[in-house]
Amino acid sequence: MGDIIDTIVTSYYFRIFAIIYGFYELIDTLKNTLRESNSSFQRSVIGILASLGSIILGIVVIYLKIVGEL
């Protein structure tokens, strides 16, 4: 079971999906920074950080797979 999860998480398709989804969430969060909630600033900061983290993680995993260390 661990091998299947490891294969899915480190596959190129999943990483490309994570990068595209990260860009989508980043654009959506920046467009809709004022949502109906008491802590709209905190919600937008969390969205931006999660998007950037997804993009960076996707790029790092793809780079490591190309270099051959993963």
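Quick note: structure is the one above.
The structure contained in this document is the topic of the report that follows. Given the structure is predicted, the values throughout are model-derived calculations rather than measurements.

## Focus on the overall build of the chain
A tally of regular secondary structure across the chain gives three helices and zero strands. When the helices and strands of the chain are read in sequence order from the N terminus, they spell out α-α-α. Across the 70 residues that make up the chain, the buried fraction comes to 23%. By element, 69% of the accessible surface of the chain is carried by carbon and sulfur atoms, the whole surface being about 5,500 Å².

## A few points about a nonpolar patch on the surface
A contiguous nonpolar surface patch, about 800 Å² in accessible area, is contributed by Ile4, Ile5, Ile8, Val9, Phe14, Phe17, Tyr21 and Tyr24. Elements supplying a minimum of two residues to the nonpolar patch: α1 (2-9) and α2 (12-31). With respect to the element layout, valine 9 can be found in helix α1.

## Remarks on the packing of aromatic side chains
Remark: the centre distance and the inter-plane angle together describe each pair of aromatic rings, the angle taken between the planes. Applying the stated criterion across every chain yields a total of two aromatic pairs. Judged by centre distance (6.0 Å) and plane angle (20°), the rings of phenylalanine 17 and tyrosine 21 are stacked. You can see phenylalanine 17 and its partner tyrosine 21 sitting in helix α2, four residues apart, about one turn around the helix. Arranged with centres 6.4 Å apart and planes meeting at 35°, the rings of tyrosine 21 and tyrosine 24 form a pair that is tilted. Taken together, the positions of tyrosine 21 and tyrosine 24, both in helix α2 and three residues apart, correspond to about one turn of that helix.

Parameters and conventions
Residues numbered from 1 in each chain as written. Predicted model: local features only at pLDDT ≥ 70, side-chain atom pairs only at ≥ 80, totals over all residues. Heavy atoms only, no water. Helix = DSSP H or I, 4+ residues; strand = E, 2+ residues; numbered from the N terminus. Buried < 20%, exposed > 50% of the residue type's maximum accessible area, 1.4 Å probe, protein only. Areas by Shrake-Rupley, 256 points an atom, 1.4 Å probe, with all protein chains shown as cover. Patch = residues over 30% accessible without salt bridge, like charges linked within 9 Å, V, L, I, M, F, W, Y side chains within 5 Å. Salt bridge = Lys/Arg side-chain N within 4 Å of Asp/Glu carboxyl O. Phe/Tyr/Trp six-rings, centres within 6.5 Å; stacked < 30°, edge-to-face > 60°.

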